[in-house]
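Here is how the chains run, residue by residue.
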Amino acid sequence: MNPFDLSGRTALVTGANTGLGQAIAVGLAEAGADIVAVGRSAPSETAQRVESAGRRLHAIAADLSSIAPVSEIVAQAVQFAGAVDILINNAGIIRRNDSLDFTEQDWDAVIDTNLKSAFFLSQAVARTWVDGGRGGKIINICSMLSFQGGIRVPSYTASKSGLAGLTRLLACEWAGMGINVNGIAPGYFATNNTEALRADETRNRDILARIPAGRWGDPSDLAGAAVFLSSDAAAYVHGTVLAVDGGWLAR
Ligand code: NAP
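The model shown is predicted, which means the values in this text are computed figures rather than measured ones.

Asker: I keep staring at the overall build of the protein chain and nothing clicks. Help me out?
Answerer: Looking only at helices and strands, the protein chain has 8 helices and 7 strands in total. The C-alpha atoms of the protein chain give 17 Å as radius of gyration, which agrees with the globular expectation for 251 residues (18 Å, within 12%). Relative to its full complement of 251 residues, the protein chain shows a buried share of 48%. Contacts spanning at least 24 positions in sequence make up 70% of the contacts within the protein chain whose residues lie at least 6 apart. For the protein chain, the exposed area adds up to about 11200 Å²; of that, 50% sits on carbon and sulfur atoms. When the 20 positive and 24 negative side-chain charges of the protein chain are each reduced to one mean point, those points stand 4 Å apart.

Here is the structure:
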């Protein structure tokens, strides 16, 4: 038996239409999982790639800047799949400004999407597991700013540091119920989220000079970690935040 095989499982992935969420959804599908993709934009390209891997994708349109859609998302996912086995809290935004000028709006928008929605979606999915007498896997997409300060992204650093803390807290509360809660901390990946950094010649050069692997991450570099933490191979892994960063934190 292959302990990394996800055949017969269903993964709910937020923000799966693009970037890291798309790469994670495709990686999980290639390992055998069906996908429930939750987000604002239609995940057409992701659906095509999941279907090419021989799996199904069900899209749920929802805006996770508030927790209003959470119960409907879980109800629809359960209706599609019977049960959700894996939850990937990936949807996230970033707002950049000097802390002296940072607005309440940019604070709330980031915290609500990156942290509050991840918690209440985890709660809603975990309740289905506890009610059904079964376990499951939750993976929170954290950041280097779960460990470091960064600059000009105060709400983002607060949200991602909070998400790493929440990962540990939920692991402590739910490990005994067969629920594995872990995080993945991507380093610097080439996606929409980092477009501004890559467009700034100085920041781009400084970042690349610090990455031992010498390149920006490609979203496909994340798939292996996501498959591992979603699989039986990670049965005894609880509350860890796995860095996939080309060696950035080791520097
Ligand atoms: P991205 O290309 O900007 O993707 C963000 C995803 O989140 C999109 O699918 C987006 O959907 C979704 N999303 C944003 N706001 C939403 C909302 N209110 N409701 C529902 N979905 C929403 O960025 P990415 O780099 O792939 O980021 C994915 C995750 O990885 C984020 O949590 C980010 O913080 C984290 N991360 C990225 C990096 C990096 O280097 N790229 C590093 C560390 C962590 P729409 O297109 O519909 O808005």
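Once the structure has been displayed, the description carries forward.
Asker: What is the right way to look at the packing of aromatic side chains in this model?
Answerer: If you walk through the whole model with that rule in mind, you get 4 aromatic pairs. Relative to Phe120, the ring of Phe119 has its centre 4.8 Å away and its plane inclined at 80 degrees; by these criteria the two rings are edge-to-face. You can call Phe119 partly exposed: its relative accessible area is 24%. For Phe120, a relative accessible area of 26% corresponds to the partly exposed category. Taking the centre distance of 5.9 Å and the plane angle of 80 degrees together, the rings of Tyr188 and Trp216 count as edge-to-face. A residue pair is termed long-range when its members are at least 10 positions apart, and Tyr188 in the loop between strand S6 (179-186) and helix H6 (195-199) and Trp216 in the loop between helix H7 (201-210) and helix H8 (223-230) qualify at 28 residues. The two residues Tyr188 and Trp216 agree in class, both being buried. Between Arg198 and the ring centre of Trp216, over which it is positioned, the NZ or CZ distance is 5.7 Å.

Asker: Looking at this model, I keep getting lost on the nonpolar core. Mind explaining?
Answerer: A general trend in soluble globular proteins is that nonpolar side chains are found buried together. The biggest cluster of nonpolar side chains holds 39 residues, and the ones touching the most others in it are Leu12, Val38, Ile73 and Tyr188. Taken together, the elements giving at least two residues each to this core come down to strand S2 (34-39), helix H3 (70-81), helix H4 (104-131), helix H5 (154-174) and S6. Examining the composition of this core, we find that 8 residues originate from one element, H4, more than from any other. Discounting chain neighbours no more than four positions away, the residues touching Val38 are Leu12, Val13, Thr14, Gly15, Ala16, Ile60, Ala62, Leu64 and Ile73. Ala47, Ile86, Phe189 and Ala226 belong to the second-largest nonpolar core, a separate cluster that totals 29 residues.

Asker: For this particular structure, what's the right way to read the sheet that holds strand S5 (residues 136-141)?
Answerer: Backbone hydrogen bonds hold the strands of a sheet together, and the pairing may be parallel or antiparallel. Across the sheet, which stays open at both edges, the 7 strands sit in the order S3-S2-S1-S4-S5-S6-S7 with parallel pairing between neighbours. Of all strands in the sheet, those with a lone pairing partner are strand S3 (57-61) and strand S7 (241-244), marking the two edges. The sheet shows a mean angle of 20 degrees between the axes of neighbouring strands, taken without regard to direction. When S6 meets S7, the two strands line up parallel, connected through 4 bridges. Of the residues in S7, the one forming a bridge with Pro186 is Val244. Of the strands in this sheet, strand S1 (10-14), S2, strand S4 (86-89), S5 and S6 are in contact with helix H1 (residues 19-30), which crosses S1 at around 175 degrees.

Asker: Quick question: what am I supposed to make of the site of the ligand here?
Answerer: Inspection of the region around the ligand gives 30 residues, with Asn17, Arg40, Ser41, Tyr156 and Thr191 positioned closest. Leu64 places a main-chain nitrogen or oxygen 2.7 Å from a nitrogen atom of the ligand. Between an oxygen atom of the ligand and a side-chain N or O atom of Tyr156, the distance comes to 2.6 Å. Protein coverage of the free-state accessible area of the ligand, which is 880 Å², stands at 92%.

Asker: It is not clear to me how the pattern of salt bridges should be interpreted in this structure. Could you clarify?
Answerer: Should their charged atoms come close, side chains of opposite charge can pair. One pass over the full model with this rule turns up 7 salt bridges. Arg134 serves as the salt-bridge partner of Asp85, at 3.0 Å between the closest nitrogen and oxygen. In this pair, Asp85 sits in the loop between H3 and S4 while Arg134 sits in the loop between H4 and S5, placing the two residues 49 residues apart along the sequence. For Arg152, the salt bridge goes to Asp98, with nearest N and O atoms at 2.7 Å. Of this pair, Arg152 sits in the loop between S5 and H5 while Asp98 is found in the loop between S4 and H4, placing the two residues 54 residues apart along the sequence. By relative accessible area, which is 37% here, Arg152 ends up partly exposed. Each member of the salt-bridge network shares a partner with another, and the members are Asp34, Arg55 and Arg56.

What counts, and at which threshold
Residues numbered from 1 in each chain as written. Predicted model: local features only at pLDDT ≥ 70, side-chain atom pairs only at ≥ 80, totals over all residues. Heavy atoms only, no water. Helix = DSSP H or I, 4+ residues; strand = E, 2+ residues; numbered from the N terminus. Rg over C-alpha atoms; globule rule 2.2 N^0.38 Å. Buried < 20%, exposed > 50% of the residue type's maximum accessible area, 1.4 Å probe, protein only. Contact = heavy atoms within 4.5 Å. Areas by Shrake-Rupley, 256 points an atom, 1.4 Å probe, with all protein chains shown as cover. Lys, Arg positive; Asp, Glu negative; His and termini not counted. Charge placed at Lys NZ, Arg CZ, Asp CG, Glu CD. Phe/Tyr/Trp six-rings, centres within 6.5 Å; stacked < 30°, edge-to-face > 60°. Lys NZ or Arg CZ within 6 Å of the ring centre and 35° of its normal. Core = buried A, V, L, I, M, F, W, Y, C linked by side-chain atoms within 4.5 Å. Pairing = 2+ DSSP bridges. Axes fitted to C-alpha atoms, helices over the stretch in contact; angles between N-to-C directions. Near = heavy atom within 4 Å. Polar contact = N/O pair within 3.5 Å; in protein donor to acceptor, adjacent residues only side chain to side chain. Salt bridge = Lys/Arg side-chain N within 4 Å of Asp/Glu carboxyl O.

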